Amino acid sequence: MELEIRGLGKRYGKKTAVSGVELTITPGVWGLIGANGAGKTTLMRMLAGILAPSAGRVLYDGVDIRDLGEAYRDALGYLPQSFGFYPEFTVTDYLEYIAALKGVGRREGRERMEALLELLGLAEVRKKKIKKLSGGMQRRVGIAQAMLNDPDVLILDEPTGGLDPGERVRFRNYLAEFAQGRIVLISTHIVSDVEYIAAQNVIMKEGRLICSGKTEELLGAVAGKVFTAAIGQDELPRYEKALHREHEGRARRPGRSALYLRGPGDTRLAPGRAAAGGPVPLAVQARARRRGGETMLRAELKRILKTRSTWCLAAIALLICLSSALSTVRQVVKYIDHDGHTEI
C-alpha cells in the first residue's frame, strides 16, 4: 500500500500555494512539518480529494484517487483544520451520524466510538452539545470522527492543538500502534508531536517540499549550522529584528546558511558556540531571562509607542478633543449678545 504524489501543484490566480510536490508515502507515521502558510493544509486537502489540483495527480496503490472515487473515501480518514457540525448535535449524536455516513455498522460504530471517547477524554461530555464545548474539546471530537471507520489512510491537519500534555502523549502512542500497516500523515509545526513516532518527516516551505527523511537524518543535515543562546529580555527586540531581516533575505551572508548576531558585550554568536565560548545544543531558540518588571514595562511601553496604530489612535483622540473644544466655544458664543454681555 502506498500513496504516490506526482508533480502536485495548486494555484489561485497568480498565487502558487503548492508547487511540484513529488513524494511516495508508505505505511507508517509521516510528519508534514512547516510554518504557517507553507502549504501544508492545501496539500492535505488535495490528498483527501477535497481540493482539485491545478497540476499533477495523487495515486493510491497505482490508481488515481479521482478514478477511485467512493472506494478511496471508504479507506480515508481526514481531520481538517476546522470541521462542520449541526449545532443541536451532541458528541454521540455527531459520531453516530458520521459513522452512518461512512457506512460503518451500528455495532462496530458503537465499539469504535466508545474506544475513541475514552482515548480522547470525551466520555464525560458525550451528552453535551458540541457547540457548548471548548475549542480544544471540539478538536478531539474531530479526531474521533476521522478515526471512526478504521481507515487505511489517515490524514490529520494539526490534530493535537486541543490536547493537554498527557493526552498528547497517549494519542501519539495510539497513533504509533494504529499506523501498523496503515498510512498516517500528520501536519504540524510542533516537532515533538512527530519526533519519536514518525517513520519519515517531510518539511515544506513556500509551497515546496525542501527535504525529507528520518528525524536523525534531518538533524544531522543541519549539524553545526544552528545555535542556541540565552539573552536578556531587553535584548530580545534587537534579536527579533535581526532575525526578521534574515528571513527577508537581507541579512544572510553569501555562501552561508547561518545567521550571525552580536550578543551582549558585542560578542559574536556563531553556529556551535555560545556567548561564553562553550558548545551549544542543536536547536534554534532564544530563551529570554527576566530582568525585573520595571525593565519589561519600559520595553513594552517603548514598543507600543513605536507602533503606527498607536500614533493613529493618538491623532484620532486629538481630533476628537479639538472637535469637542470647538463645539463648546460655539455654545458660549451663542449666548453672547451684541453688546458683548452674555445671557448666562
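All figures in this text were calculated on a predicted structure; none of them were measured in a lab.

What counts as what
Residues numbered from 1 in each chain as written. Predicted model: local features only at pLDDT ≥ 70, side-chain atom pairs only at ≥ 80, totals over all residues. Heavy atoms only, no water. Helix = DSSP H or I, 4+ residues; strand = E, 2+ residues; numbered from the N terminus. Core = buried A, V, L, I, M, F, W, Y, C linked by side-chain atoms within 4.5 Å. Buried < 20%, exposed > 50% of the residue type's maximum accessible area, 1.4 Å probe, protein only. Contact = heavy atoms within 4.5 Å. Phe/Tyr/Trp six-rings, centres within 6.5 Å; stacked < 30°, edge-to-face > 60°. Lys NZ or Arg CZ within 6 Å of the ring centre and 35° of its normal.

You will see that Glu-158, though not glycine, has its phi angle at about 50°, which is positive. You can see Glu-158 is positioned in the loop between strand 7 (153–157) and helix 7 (165–178). The phi dihedral of Glu-206 falls on the positive side, at around 50°, and the residue is not glycine. Within the secondary structure, Glu-206 sits in the loop between strand 9 (200–205) and strand 10 (208–213).

Looking now at the nonpolar core. Counting 39 residues, the largest nonpolar core has Leu-95, Val-141 and Leu-175 as its most contacted members. Ranked by residues supplied to this core, first place goes to helix 6 (residues 135–147) with 6 residues. Residues within four places of Val-141 in sequence aside, it is in contact with Phe-83, Val-91, Tyr-94, Leu-95, Leu-122, Ile-130 and Leu-133. Ranked by size, the runner-up nonpolar core spans 29 residues in total, among them Val-18, Leu-43, Ala-75 and Leu-185.

As a further point, take the packing of aromatic side chains. In this structure the tally under the stated criterion is 7 aromatic pairs. Ring centres of Phe-83 and Phe-85 lie 5.9 Å apart, and the angle between their planes is 55°; this geometry places the pair in the tilted category. Aromatic side chains Tyr-86 and Phe-89 sit 5.3 Å apart centroid to centroid with 75° between the ring planes, which places their arrangement in the edge-to-face category. Judged by relative accessible area, Phe-89 falls into the buried class, the value being 16%. Taken together, the aromatic side chains of Phe-83, Phe-85 and Tyr-94 make up a single cluster linked through ring pairs. A cation sits over an aromatic face here: Lys-10 above Tyr-12, 5.4 Å from the ring centre. In this arrangement the basic side chain of Arg-182 is found over the ring face of Phe-178, its NZ or CZ atom lying 4.4 Å from the centre.

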